Amino acid sequence: MTDVTSAKTARRSHHWRRDVTELAALFTAVAVADAIANLIGHQPDGPYLLIASAVALAVTAGFHTWWARRHSHAPPPTGSDLPAEGDGVGAVPAHRADAATTALLSTPTAAGPSPEGTVLWRMRTTVRDTPGSLAVLCGALARHRVDILTLQTHPLAHGTVDEFLLRAPAPLPAQQLSRAISAAGGSSTWIERADTHDLVDAPTRVLGLATRTALDAAELPLALRQLLGRCTIHSLPAASITGRATGELTPVEGVLEETVMRLRDPSGGAITIERPYLPFTPTEFARARALVELDARLGPRVPRSEHVLTLPEGNEITVRRADGSDLGAARAMHDRCSEQTLRLRYHGPVHDADRYLDHLLSPRFGRTLAVQTASGRLVALGHLLWDGDETEVALLVEDDWQRRGIGSELLSRLVALAIEAGCESVYAVTQSSNTGMVAAMRALSLPLDYQIEEGTLVITARLDATPVRSLPPYEQAGR
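Draft legend 1. Structural view of helix α13 (residues 435–442). Of all the positions in α13, only Met437, Val438, Ala440 and Met441 are classed as buried. Viewed end-on, α13 has its buried residues packed into an arc of 160°, placing them on one side of the element. Exposed side chains of α13 directed beyond 90 degrees from the buried face belong to Thr435 and Arg442. In this structure, the buried side of α13 is in contact with β13 (390–397), α12 (406–420), β14 (425–431), β15 (448–453) and β16 (456–462).

Draft legend 2. Structural context of the pairing of strand β8 (residues 270–274). Most of β8 sits inside the fold, with four of its five residues counted as buried. Here strand β5 (residues 232–236) runs beside β8; their pairing, made up of five bridges, is antiparallel. Each bridged residue has a counterpart across the sheet, and for histidine 234 the counterpart in β8 is threonine 272. Of the pairings in the sheet, the one linking strand β7 (residues 260–264) to β8 comprises five bridges and is antiparallel in character. Within the sheet, the bridge partner assigned to arginine 262 lies in β8 and is threonine 272.

Draft legend 3. Structural detail: the sheet that holds strand β6 (residues 255–257). Reading across the sheet, the four strands line up as β5-β8-β7-β6 and stay open at both edges, with antiparallel pairing between neighbours. Each edge of the open sheet carries a strand with a single partner, namely β5 and β6. Across this sheet, the average inter-strand angle for adjacent strands is 15°, counted without regard to direction. Contacting β5, β7 and β8, helix α7 (residues 219–228) runs over the sheet at an angle of about 25° to β8.

Here is what the cut-offs are and how they apply
Residues numbered from 1 in each chain as written. Predicted model: local features only at pLDDT ≥ 70, side-chain atom pairs only at ≥ 80, totals over all residues. Heavy atoms only, no water. Buried < 20%, exposed > 50% of the residue type's maximum accessible area, 1.4 Å probe, protein only. Helix = DSSP H or I, 4+ residues; strand = E, 2+ residues; numbered from the N terminus. Arc of directions from axis to C-beta. Contact = heavy atoms within 4.5 Å. Pairing = 2+ DSSP bridges. Axes fitted to C-alpha atoms, helices over the stretch in contact; angles between N-to-C directions.

Next comes the structure, spelled out in structure tokens:
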């Protein structure tokens, strides 16, 4: 007999005995009431005694109800009444935080911070995997009037990494908060400012990143960066200088080495993610690997929506996303471009231009916009390239289609995509003689930084919170 069956049998037996007992008590009460009524009712003052007894019972019942409603609940506990080490809440292991414990420890008291005059912090610290460690940590936060909004735990072999989203009083500096956490037993504490977007719970955020990755293969590096915070992501090509495929050097299950994780890229290469200031946890490694596996199962995919524009002279062009299937058309465009145009774009020997296209058209390294005419000829390419934790923009317009506003149109759309991706800035590498690229960057109306070294000009545009233009319609359809 299982434990569940035994429990059900015990409850049925308990209910049967209780019903018999209640029936016996009811019959006994009726018999006693009948005996008392016969004894008192036949006396001269019997009816008056019965009425007085009924009134007394009614008053007693009313008084008991009033007293129970007023004194049945104890006053709520204050901050000083929080369970200490070894009490019920403190006995919860540090890597466990059920709803009752979290609600008790994170509920702001009367002296807690109000929404006005507070700041949001994201904090990560390592605690001992012993009963009461989490309670001591939460008690230290409560003494500084810090409210715990969310809590995630990352179990390790020795200890547990707890990640908090905190609302703290604005005058409380991060250094004082870090010292309080260290005094409460936290180690390897890391604190940074958060914003309202971090209030989204972890499952919802991961599902949103998975959706973006499913719609567009170019979203995988961005999804990994948003999942893991500030980090540097490098996509290595499928072939290395040793002649062996880079993916073969990375196990299928990936490699986790504290501040570096390596994952096999579905395209045949490898993805290296570095975060020197904060080691990765096994939980983060598992989430990143799940996103990469999702990308591998879905295969190559790029939104196919198109946007038709009319040039000032009346010609219609189509702007769309490009990928590896446009390799032949891109090489044909190279053949029609002059050497000067290719030299301004690729900053090297003209005969090597074609070998860059495999990298540029791969969605793993960024996003590419293509411009084609009504006849289907490819006449311009615009690239938004993920360069570690920076973002590069690059343009190539066929000679016969220059000076018509195509480059400015492509650049503004690439910057809009960069803003949507959360990039803080974009940069363009060109030559000081490339007046067209300089004019297109200045037309963005964004703060620009110029750096010139030996004839090479690097223009960096700092992106504001307000996009330069709305998201292109074909991107909206892709979402």
